[in-house]
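# Coordinate inspection notes
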Amino acid sequence: MPADLPAPTASVETITAGLAAVDYIASRPIATALLLARDLGKPVLVEGSAGVGKTELALSTARWLSLPLIRMQCYEGLDESKALYEWKYGKQLLYTQLLKDKINEVLGETGDLTDALGRLANFSDMFFSEQFLEPRPLLQALREPEGAVLLIDEVDKANEEFEAFLLEILSAFQVTIPEIGTITAARPPLVFLTSNNTRDMSDALKRRCLHLHIPLPDARLEAAIVTARVPGIDARLTRQVVAFVQALRALDLKKLPSISETLDWARAIVLLHGAQIDRALVRDTLNVLLKFEADIDHAESQMTDLLRAAEAAD
Amino acid sequence: MATRPLEDFIRALRDAEVRVSVAETLDAHRVVGLLGFQDRAVTKDALAVTLAKSADEKTRFDDVFERFFSRDLPAAPDDAAAETANDPVPAGATPESAADGDAGDAGDGRAPADLADMLMAGDQAGLAAAMEAAAAAVGVGDIRSFMQRGVLGRRMLDAMGLRELERRIAALDAAGEAAAAEALNAGRRQLLADGRAFVERQYELYGRAAGERLRDAYLETRALGRIDRHDMDRAQNLVRQMARKLVARHSRRQRRARRGRLDIRRTLRVNMAHDAVPFEVIWKQRKITRPKIVAVCDVSQSVATAARFLLMFLYQLRDVVDDVHAFAFSSHLMDVGAILDDHPIEEAIPQILAAVGFRPTDYGQALVDLTDHHLGVIDRRTTVIMLGDGRSNYGDPRIDRFRALHDRARRVVWLNTEPENFWGLGDSEMPRYRPFCHVARTCRSLADLERVIDDLLRVGRN
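Residues numbered from 1 in each chain as written. Chains lettered and ligands numbered in written order. Predicted model: local features only at pLDDT ≥ 70, side-chain atom pairs only at ≥ 80, totals over all residues.

## Digging into the overall build of chain A
What counts here: Each helix is a run of H or I in the DSSP string that is no shorter than four residues. Each strand is a run of E no shorter than two, and both are numbered from the N terminus. Between the buried cut of 20 or more and the exposed cut of 12 or fewer other C-beta atoms within 10 Å of a residue's own C-beta lies the partly exposed class, and all C-beta atoms are placed from the backbone. Distance between backbone-placed C-beta atoms decides contact: two residues are in contact if it is within 7 Å.
Along chain A, the regular secondary structure elements total 16 helices and 9 strands. Among the 314 residues that make up chain A, the fraction classed as buried is 34%. A sequence separation of at least 24 residues applies to 77% of the contacts in chain A between residues at least 6 apart.

Written as structure tokens, this is what we have:
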């Protein structure tokens, strides 16, 4: 399988460097998972709390490998007609209308009904051919000639039937369309499934996937991410921001701020020309980090300690 | 050769309740083939990605990985021997035999009589290999209980030739070669310590998890009131697991469609685009409603532990059930919903017990309070769960109020911590309450509790 892929995968280091080039700072487990995904040709199920960069991983991988990204957002009630393919009913109807005269011509000479039916049967496949097939994300990913990065986002939101339906695609990279036959991937896509863990995925699905759990980052990794993602932030402010957020995560909060919140906050501070973190600035911008009133109140009450942690990072 | 440790490792993982399928085992082999064992960190990450499939399993994986690969594998004998040669020579060893290049090679085939030589030579690799072989021979990996450690350790060392060694020490002693005897004896003591440590690790790897499972099974059937304080944590964990299992089962049930009935309205709407030609047919789904639960717990001394578990269960169950109203009483009734909401479970329960617990029971008063102040939360969708022994200290049981409750609620379930043949003895009012319960059952263990709650959730609207 490795031979099929565009760039030869060498090692965890190459992947880390490659992702860093597109501003995604990958921890070692992430890079290892990606390496295995490419070399074993297996999908990766990415779990972790909201905002730790699950979706971003897929986007960045696509950018790094210069592959098209095909994204499918899952939701309750998603079914194969929305995920895989759909017949263009309207077009089919229109064509039957337009071709009515032609059909009359063909059938005109036939003597009886059986004869007409026999003749019509010769043409019936015409309306169920690729021409009338509306490819949805999954089919698109399989038909992409150069391979693709397929992102199946928030797969836990879809119902279990859909999960079962994914199995064929994930293990063999092929789908079966009853009217046409089996379509096999030109080049197996690199598949990412993300899950927010609102429910447990089935064992069958997990078995077919590599499982990557992205935890909240430690201070060093987070600082590297902030530096890469927030243009124009200086090193001192980065240290302060990261130390503050890390201290915030130690509190008992309903929703801990994750990387995306840290980045938003850092951007906000840069935008407000804040040179360093102080009480007034934090008070004004805390709602970027924390999304619950109760959490904000709690953080306010611990503000002195939090600020001390941020200053200590200098 | 390199795959043997992997299989042992997977076995250890399975014992720690990380589910590893055959397909995943194959994947793990491919991963190791691809990356090898050279870089410990990379191997760990790669195996974690392949074998552990939830956050929970990841933690257990880390644990097992650290414990498993902390022992010295007998892999790559020439490397190990080379290391031994470079090691500072242990006390009592003769330098020339320590430099022996292929010392570890014959590890498993070595005759027990060589034990003394290996000890004298300080041949750690050879000893480790011999120990692995002996351990496999007497089945140390099958260790299941803490108690087996001594016996298995002894048997393993015997298989390595400990007896022979002891005879030799005695012989040396008798021959007056005290220095040689002492040197060998020091080696023997070291060997005993190593053997003990080895068996200990094996127990940690293979035995402890099995032991814990046994303990869980035991707790599940144990009477609620009798769970010891130090088992409380485990029991709490168990409750959490049960609740989660129920949540999963219930949400699946909720979605199951009732086949065979066409939903005409939705079908027409969806097919508007196709001139209302029904290309796409939509079937009616049967909704299984989430029940509303009002739980009333007796927290007087006699049933306090059981109430603790019900409260715990309700706390965990709030994911599935839209509303859970929880009340606790000894005599006067208290709404404990707010306490459960605001505090972690470990704090909430003692607080509740401190506020209303451990007083003489008065069911009559509690029922009056409930019907006077909280009738609003009870309607025809509500299931009322009474948890208690039904012993009211000969006070007025206020059957009239209980009847009102019965008439109003969808179901009234009484979970009694006493066995049925005790109902009606002494001050028990159970026989009088019972006609107004839809279900009255003995609930003495966590397993009982799980069954009852599962029944509750099955309530469907037909």
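## Let's talk about the overall build of chain B
Secondary structure summary: chain B contains 20 helices and 8 strands in total. Buried positions account for 35% of the 462 residues belonging to chain B.

## Topic: the interface of chain B and chain A
Where we set the bar: Only Asp, Glu, Lys and Arg are considered charged, only Ala, Val, Leu, Ile, Met, Phe, Trp, Tyr, Cys and Pro nonpolar, and every remaining residue, Gly among them, polar.
Each side of the interface is counted separately: chain B has 25 residues, and chain A has 21 residues. Mapped by element, the contributors of at least two residues to the side of chain B that touches chain A are helix 2 (22-35), helix 3 (40-51), helix 4 (55-68) and helix 12 (232-255) of chain B. The element that contributes the greatest number of residues to the side of chain B that touches chain A is helix 3 of chain B, accounting for 7 residues. Among the residues forming the side of chain B that touches chain A, the class breakdown is 13 nonpolar, 4 polar and 8 charged.

## Focus on the confidence of the model for chain A
Here is the rule: Note on scores: pLDDT gives the predictor's confidence for each residue, bounded by 0 and 100.
Looking at chain A as a whole, the pLDDT averages 85, with 96% of positions reaching at least 70. In this model residues 1-8 of chain A is a low-confidence stretch, pLDDT under 50, and it forms 9 contacts with partners more than four residues away in sequence or in other chains.

## Thoughts on the sheet that holds strand 4 (residues 324-329) of chain B
Residue and element names in this part refer to chain B. Applied cut-off: Criterion used throughout: strands pair if DSSP finds at least two bridges between them. For helices, the axis comes from a line fit to the C-alpha atoms of the stretch in contact; other axes are also lines fit to C-alpha atoms, and the angle between any two N-to-C directions lies between 0 and 180 degrees.
Taken in spatial order, the 6 strands make up an open sheet running 5-4-3-6-7-8, and their pairing is mixed. In this open sheet, the two strands that pair with only one neighbour each are strand 5 (333-335) and strand 8 (439-442). The mean inter-strand angle of the sheet, taken between neighbouring strand axes irrespective of direction, is 20°. In this structure, strand 3 (residues 292-298) lies alongside strand 6 (residues 382-387), joined through 6 bridges in parallel fashion. Bridge pairing in strand 6 places Val296 opposite Met386.

## A word on helix 2 of chain B
Quick note on the threshold: For a helix, the expected span equals 1.5 Å multiplied by the residue count minus one. Summarising the geometry, the arc corresponds to the directions from the helix axis toward the C-beta atoms.
The first and last C-alpha atoms of helix 2 of chain B sit 20 Å apart over 14 residues, in line with the 20 Å expected at 1.5 Å per residue. Every buried residue of helix 2 of chain B is accounted for by Glu24, Asp27, Ala28, Val31 and Leu35 of chain B. The arc that holds the buried residues of helix 2 of chain B, viewed along the axis, is 105°, so those residues lie on one side. Counted as exposed and oriented over 90 degrees from the buried face of helix 2 of chain B: Val22, Leu26 and Gly33 of chain B. Those residues of helix 2 of chain B that are buried lie in contact with helix 2 (28-40) and helix 10 (203-208) of chain A together with helix 1 (4-15) and helix 3 of chain B.

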